[in-house]
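One-letter residues, chain by chain:
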Amino acid sequence: MDFKQYVADVPDFPEEGILFRDITPLMSNGPAFHAAIDEIVAFAREKEVDVVVGPEARGFIVGCPVAYELDKGFVPARKKGKLPREIESIDYGLEYGHSTLQIHKDAIKPGDKVLIVDDLLATGGTIEACVSLVKQLGGDVVGAAFIIELDEFAARDKIADTEIFSLMHY
Ligand code: PRP
Ligand code: HPA
């Protein structure tokens, strides 16, 4: 399937100079979204996965159907102040701005094999933060999967130990 036909290129969003790759047309097309999730599931099935972690917010949209299809649990990595129980926390940088991600301490058990799923890989700040959170809890990151990877940021180099699958490259 030509997945790129379902990505809208939006110049100067959310600020001047950023060419935003919008995947909402992909998500709103049933067969295209299903096919995209199936590709990530196929990558995941090559690994042993105990649990899927996805960062707020768009990582939930992609990560949940992947976890459902694998019959595994989904663990949200949420922005600051959203999780009610004991958390592990990390600050990180983004293509535009910075943020904090948090995860429940009991959501990952030592030795759990974790797949991280998000919509898009840009600078790698978010995935790096997720990898750190999982490792802080004793989890083992077996892979990371994305709908889109922006090659210009060379984020793969930042997490060279993690096997990455991206459905589309720009
Ligand atoms: C976006 C996107 C990824 C991240 C990618 O999320 O969904 O999670 O940025 O950028 P990076 O590789 O430079 O970290 P954002 O933090 O904008 O939050 P959202 O999902 O709530 O829109
Ligand atoms: N598109 C969508 N989300 C993003 C982008 C982008 O180009 N960069 C960082 N997050």
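Just so it is clear, the structure is predicted and the values come from calculations on it, not from any experiment. Within every chain, residues take consecutive numbers counted from 1 along the sequence as written. Following the order in which they are written, the chains are lettered starting with A and the ligands numbered starting with 1. Totals for whole chains, interfaces and linings use all residues, but because this is a predicted model, local features are given only for residues with pLDDT of at least 70 and pairs of side-chain atoms are given and counted only at 80 or more. With hydrogens and water stripped out, all remaining heavy atoms of the structure feed into the side-chain values.

Student: Before we go on, may I ask you to explain the site of ligand 2 in this structure?
Tutor: Proximity criterion: a residue is near a molecule or strand once any of its heavy atoms comes within 4 Å of it. Contacts to ligand 2 come from Leu 19, Phe 20, Arg 21, Arg 58, Glu 95, Tyr 96, Leu 120, Ala 122 and Leu 150. N or O atoms within 3.5 Å of each other form a polar contact, as long as, within protein, one can give a hydrogen and the other can take it, and as long as residues adjacent in sequence are counted only when both atoms are side-chain atoms. In the environment of ligand 2, a nitrogen atom lies 3.1 Å from a nitrogen or oxygen atom belonging to the backbone of Arg 21. With the chains in place, 93% of the 260 Å² that ligand 2 exposes on its own is no longer accessible. Helix numbers and strand numbers start at the N terminus; a helix is a DSSP run of H or I with at least 4 residues, a strand a run of E with at least 2. Among the elements that make up the shell around ligand 2, the one with the highest residue count is strand E2 (residues 19-22) (3 residues). Residue polarity follows a fixed list, in which Ala, Val, Leu, Ile, Met, Phe, Trp, Tyr, Cys and Pro are nonpolar, Asp, Glu, Lys and Arg are charged, and the others, Gly among them, are polar. Looking at the shell around ligand 2 residue by residue, the class counts come to 6 nonpolar, no polar and 3 charged. All accessible areas in this document rest on Shrake-Rupley with a 1.4 Å probe, and a residue is counted as covered only by the protein chains that are shown.

Student: I would appreciate a short explanation of the UniProt feature "domain: Phosphoribosyltransferase" (unreviewed entry) in the protein chain in the present structure.
Tutor: UniProt positions are given in the numbering used here, feature names are shortened, and annotations may be inferred rather than shown by experiment. What UniProt calls "domain: Phosphoribosyltransferase" (unreviewed entry) maps, in this numbering, to residues 29-161. Between the end C-alpha atoms of residues 29-161 there is a gap of 34 Å, over a span that is 31% helix and 34% strand.

Student: Is there a simple way to think about the site of ligand 1 in this case?
Tutor: Ligand 1 sits among 16 residues. The nearest are Lys 79, Asp 118, Asp 119, Thr 123 and Thr 126. Contact between ligand 1 and Asp 118: an oxygen atom at 2.5 Å from a side-chain N or O atom of the residue. A distance of 2.6 Å separates an oxygen atom of ligand 1 from a polar atom in the side chain of Thr 126. Protein chains shield 87% of the accessible area of ligand 1, which is 500 Å² for the free molecule. Assessed atom by atom at 2 Å from the grid points, ligand 1 resides in the largest pocket. Here the shell around ligand 1 is composed, by residue class, of 6 nonpolar, 4 polar and 6 charged. Each cavity reported here is a set of points on a 1 Å grid over the protein atoms alone in which a 1.4 Å probe fits but cannot get out, each pocket an open set with protein on both sides within 12 Å along at least five of seven lines, and each lining residue one with an atom within 4 Å of a point. In this scheme, a molecule is assigned to a cavity or pocket if more than half of its atoms are within 2 Å of the grid points.

Student: What am I meant to see in the packing of aromatic side chains here?
Tutor: Geometry of an aromatic ring pair is reported as the spacing of the ring centres plus the angle between the planes. The aromatic pairing rule takes the rings of Phe, Tyr and Trp, using the six-membered ring of Trp, and pairs them if the centres are within 6.5 Å, calling planes under 30 degrees apart stacked, those over 60 edge-to-face and the rest tilted. For the coordinates displayed, the defined rule picks out 3 aromatic pairs. Consider the rings of Phe 60 and Phe 74, whose centres lie 5.9 Å apart with planes at 85 degrees: the pair is edge-to-face. Residue Phe 60 is found in helix H3 (residues 58-70), and its partner Phe 74 is found in strand E4 (residues 73-79); the two are separated by 14 residues along the sequence. Categorising residues by exposure relies on relative accessible area from a 1.4 Å probe, with only protein chains included: less than 20% of the type maximum marks a residue as buried, more than 50% marks it as exposed, and the intermediate range marks it as partly exposed. Residue class for Phe 60 comes out partly exposed when judged on its relative accessible area of 22%. The ring of Tyr 170 carries the charged tip of Lys 4 above its face, separated from the ring centre by 4.3 Å. We count a charge as sitting over a ring when the NZ of a lysine or the CZ of an arginine lies within 6 Å of the ring centre and within 35 degrees of the ring normal.

Student: When you look at the sheet that holds strand E5 (residues 87-93) in this model, what are you seeing that I'm missing?
Tutor: Paired through their backbone hydrogen bonds, the strands of a sheet run either parallel or antiparallel. Between any two strands, pairing holds if DSSP finds at least two bridges. Read from one edge to the other, the open sheet built from 7 strands follows the order E5-E6-E4-E3-E7-E8-E9, with strand pairing classed as mixed. The open sheet terminates on both sides in strands that have one partner only, identified here as E5 and strand E9 (164-169). Neighbour to neighbour, the strand axes of the sheet diverge by 20 degrees on average, direction disregarded. Inspection of the sheet shows strand E3 (residues 51-55) paired to strand E7 (residues 113-121) by 3 bridges, in the parallel sense. Bridge assignment links Val 53 to a residue of E7, and that residue is Ile 116. Across the sheet, helix H2 (residues 30-45) touches E7, strand E8 (140-149) and E9, and the angle it forms with E8 is around 155 degrees. Note on contacts: a residue pair is in contact if any heavy atoms of the two residues lie within 4.5 Å. Here an axis means a line fitted to C-alpha atoms, over the contact stretch when the element is a helix, while the angle between two N-to-C directions is reported on a 0 to 180 degree scale. The strands that H3 touches are E3, E4, E7 and E8; relative to E7, the one it contacts most, it runs at about 140 degrees.

Student: What is the right way to read H2 from this model?
Tutor: Note that an α-helix has 3.6 residues per turn; residues three or four places apart therefore point the same way. Every helix has an expected span of 1.5 Å times one less than the residues it contains. When the terminal C-alpha atoms of H2 are compared, their 22 Å separation across 16 residues agrees well with the 22 Å that a helix rising 1.5 Å per residue should span. Along H2, the positions that sit buried rather than exposed are Ala 32, Phe 33, Ala 36, Ile 37, Ile 40, Val 41, Phe 43 and Ala 44. Considering only its buried residues, H2 is in contact with helix H1 (24-27), H3, E7, E8 and E9. Taking the backbone nitrogen of Ala 32 as reference, a side-chain oxygen 3.0 Å away marks Asn 29 as the first, capping residue of H2.

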